[in-house]
Amino acid sequence: MNVLRTAVIATVLAAPLASQSTPSYQERDFLTRVRRLTVEGKRAGEGYWSPDGKRLVFQSEREPGNPFYQIYVLDLSTGETKRISTGLGKTTCAFFRPMSDEIEFASTHADPKSKQYQDEEIAFRASGKERRYSWDYDPEMDIYSYNEKSGALKQLTTAKGYDAEGSYSPDGQWIVFSSMRSAYDHALNASEQKALAENPSNFAEIYVMRADGSGQKRLTNVFGYDGGPFFTPDGKKIVWRRFDERGLIADVWMMNPDGSDQRQITTFGSMSWAPYMHPSGQYIIFASNKLGFENFELFIVDAAGTREPVRVTYSDGFDGLPVPSPDGKMLAWTSSRAGGSAGQLFLAQWNHEKALEALKNAPPRKPAKS
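Because the structure is a prediction, the values reported are computed rather than measured.

Chemist: Which residues make up the overall build of the protein chain, and what values do they have?
Modeler: Secondary structure assignment for the protein chain yields 5 helices and 24 strands. Here the C-alpha radius of gyration of the protein chain, 22 Å, is about what a compact globule of 370 residues would show, namely 21 Å. Overall size of the protein chain, expressed as C-alpha extent along the three principal axes, is 85 × 55 × 50 Å. Counting all 370 residues of the protein chain, 51% fall into the buried class. Across the protein chain, every contact between residues at least 6 apart in sequence was considered, and the portion connecting residues at least 24 apart equals 47%. When the accessible area of the protein chain is evaluated, it comes to approximately 17400 Å², of which 53% is carbon and sulfur surface.

Okay, structure coming up:
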């Protein structure tokens, strides 16, 4: 009896000790000197760093007469902001090309109906009606490169279907992007037609092309939204997020630039997206609604995906689209923490050492549920 009692007590005492062995963290452990970068317009987000870490290129709804995103460059030292997109149509997903004067972004300005769509949206908003904000996978969206010195704009993709979410390789020679062209390049059967009507993003796959738009090649071939791809800092891998067919569960994946060795990094059982690898190459920062369907927070996970993700932000609403600075000491991300549902750009000091410590203490990754 005494032996049994001793065993029970030992078991009870062991449980608290096990939980205490994993330190708890708060936002201030990872992020300090948090400050808001953008205030103008209805919303702003997706800020990506210039290679020298002195500027950000981002999207914002702030143009008179246009209720959709346009692309802007922010000088962090002067605060000066300039638009680089045409001002017409919808735009998204800009990225600086390393070792050049070019910036790529996606736009619908070549669509003859762009102005009509702008006017219709303005009239809808003026009527007092409201709709829940959702992303529009416009089939006329194509990728362009803009030269900051000459002002020249070059179209890089021409296939019908949403082409966007592009980013350059570290050497500036390649662009990885997401495309829904497979919904328009062949006659759809009844099942495909239904899928396109219900959720066009199920046709999104990852592609790669040279920086001049040549050599376009498809890398993924799985039904469900594959998007948000980025090269790792060494250029040897591509990290992206893959949704299931229902569009509710997404996880972080990684593969070689030729599409081989596709590996799942997270099994988080939630909508985990916008992954971006830290310049150290040791971990990935991403967003997830693990704590509530509309409560997106930032998390980190080790590059090999052997550990459970660690929570970084602790604010209600939306925290997402995290991008570390080239030197790994700062973090830019999109957040609604200032109030309301629309996001704005935020900037903070990043604690790399604390991130490594937290990941070392994180429990092993849970297996994927079937």
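Chemist: Lay out the environment of Ala 355 in plain terms, naming residues and giving numbers.
Modeler: Residue position: Ala 355 is located in helix α5 (residues 352–361). Excluding residues within four positions of it along the chain, Ala 355 makes contact with Phe 30, Tyr 283, Ile 300 and Trp 350.

Chemist: Tell me about the packing of aromatic side chains, and name the residues and values.
Modeler: Counted according to the given criterion, the structure contains 21 aromatic pairs. An angle of 40 degrees between the planes, with centres 5.7 Å apart, marks the rings of Tyr 25 and Phe 30 as tilted. Across the pair, exposure class does not vary: Tyr 25 and Phe 30 are buried alike. Plain terms: the ring middles of Phe 203 and Phe 223 are 5.8 Å apart, the flat faces sit at 80 degrees to each other, and that makes the pair edge-to-face.

Chemist: So what about the pattern of salt bridges? Which residues, and what values?
Modeler: Across all of its chains, the model carries 24 salt bridges by this definition. Between Glu 40 and Arg 62 there is a salt bridge, and its shortest N-O distance comes to 3.5 Å. One end of the pair, Glu 40, is in the loop between β1 (31–36) and β2 (43–49); the other, Arg 62, is in the loop between β3 (55–61) and β4 (70–75), with 22 residues separating them in the sequence. Ionic pairing is found between Arg 83 and Glu 63, a salt bridge with its closest N-O pair at 3.1 Å. Here Glu 63 lies in the loop between β3 and β4 and Arg 83 lies in strand β5 (residues 81–83), a separation of 20 residues in the sequence. Taking relative accessible area as the criterion, Arg 83 reaches 34% and is therefore assigned partly exposed. Where salt bridges share partners, they join Arg 43, Glu 61, Glu 121 and Arg 125 into one cluster.

Chemist: Describe in detail the nonpolar core, supporting the description with residues and values.
Modeler: If you look at the biggest cluster of nonpolar residues, it comprises 75 residues, and the most contacted ones within it are Phe 30, Val 57, Ile 300 and Trp 350. The leading source of residues in this core is strand β19 (residues 283–288), at 5 residues. The residues touching Phe 30, leaving out its near neighbours within four places in the chain, are Tyr 25, Ile 300, Val 310, Arg 311, Val 312, Gln 349, Trp 350, Asn 351, Lys 354, Ala 355 and Ala 358.

Chemist: Hey, could you go over the sheet that holds strand β14 (residues 226–231) for me, with residue numbers and the actual values?
Modeler: A sheet is described by the order of its strands in space; here 4 strands give the open sequence β14-β15-β16-β17, paired in antiparallel fashion. The open sheet is flanked by β14 and β17 (263–264), the only strands paired with a single partner. Sheet topology places strand β15 (residues 238–243) next to strand β16 (residues 250–255); 6 bridges connect them, and they run antiparallel. Directly across from Arg 241, in β16, lies its bridge partner Val 252.

Chemist: Got a sec to walk through the sheet that holds strand β9 (residues 153–155)? Specific residues and values, please.
Modeler: Read across the open sheet, the 4 strands follow the order β6-β7-β8-β9; overall the sheet is antiparallel. The sheet is open, and its two edges are formed by β6 (91–96) and β9, each paired on a single side. The mean angle between the axes of side-by-side strands here comes to 25 degrees, regardless of whether they run parallel or antiparallel. Pairing of strand β7 (residues 102–107) with strand β8 (residues 142–147), which is carried by 6 bridges, proceeds in the antiparallel orientation. Each bridged residue has a counterpart across the sheet, and for Glu 102 the counterpart in β8 is Asn 147.

Chemist: Report on the side chain of Gln 118, specifying residues and quantitative values.
Modeler: Mapping Gln 118 onto the fold places it in helix α3 (residues 114–126). What makes Gln 118 buried here is its relative accessible area of 3%. A polar side-chain atom of Gln 118 sits 3.2 Å from the main-chain carbonyl oxygen of Gly 65. Dropping the residues within four chain positions of it, Gln 118 is found in contact with Gly 65, Asn 66, Pro 67, Phe 68, Gly 87, Leu 88 and Gly 89.

Chemist: Tell me about the side chain of Arg 241, residues and numbers included.
Modeler: Position of Arg 241 among the secondary structure elements: in strand β15. Polar contacts involving the side chain of Arg 241 include one to the side chain of Tyr 225, which spans 3.4 Å.

Chemist: Lay out the confidence of the model for the protein chain in plain terms, naming residues and giving numbers.
Modeler: Summary statistics for the protein chain give a mean pLDDT of 92 and a share of 94% for residues scoring 70 or more. For residues 1–20, every residue scores under 50 in pLDDT, and the model assigns this stretch 0 contacts once sequence neighbours within four places are set aside.

Conventions adopted
Residues numbered from 1 in each chain as written. Predicted model: local features only at pLDDT ≥ 70, side-chain atom pairs only at ≥ 80, totals over all residues. Heavy atoms only, no water. Helix = DSSP H or I, 4+ residues; strand = E, 2+ residues; numbered from the N terminus. Rg over C-alpha atoms; globule rule 2.2 N^0.38 Å. Buried < 20%, exposed > 50% of the residue type's maximum accessible area, 1.4 Å probe, protein only. Contact = heavy atoms within 4.5 Å. Areas by Shrake-Rupley, 256 points an atom, 1.4 Å probe, with all protein chains shown as cover. Phe/Tyr/Trp six-rings, centres within 6.5 Å; stacked < 30°, edge-to-face > 60°. Salt bridge = Lys/Arg side-chain N within 4 Å of Asp/Glu carboxyl O. Core = buried A, V, L, I, M, F, W, Y, C linked by side-chain atoms within 4.5 Å. Pairing = 2+ DSSP bridges. Axes fitted to C-alpha atoms, helices over the stretch in contact; angles between N-to-C directions. Polar contact = N/O pair within 3.5 Å; in protein donor to acceptor, adjacent residues only side chain to side chain. pLDDT = per-residue confidence, 0-100.

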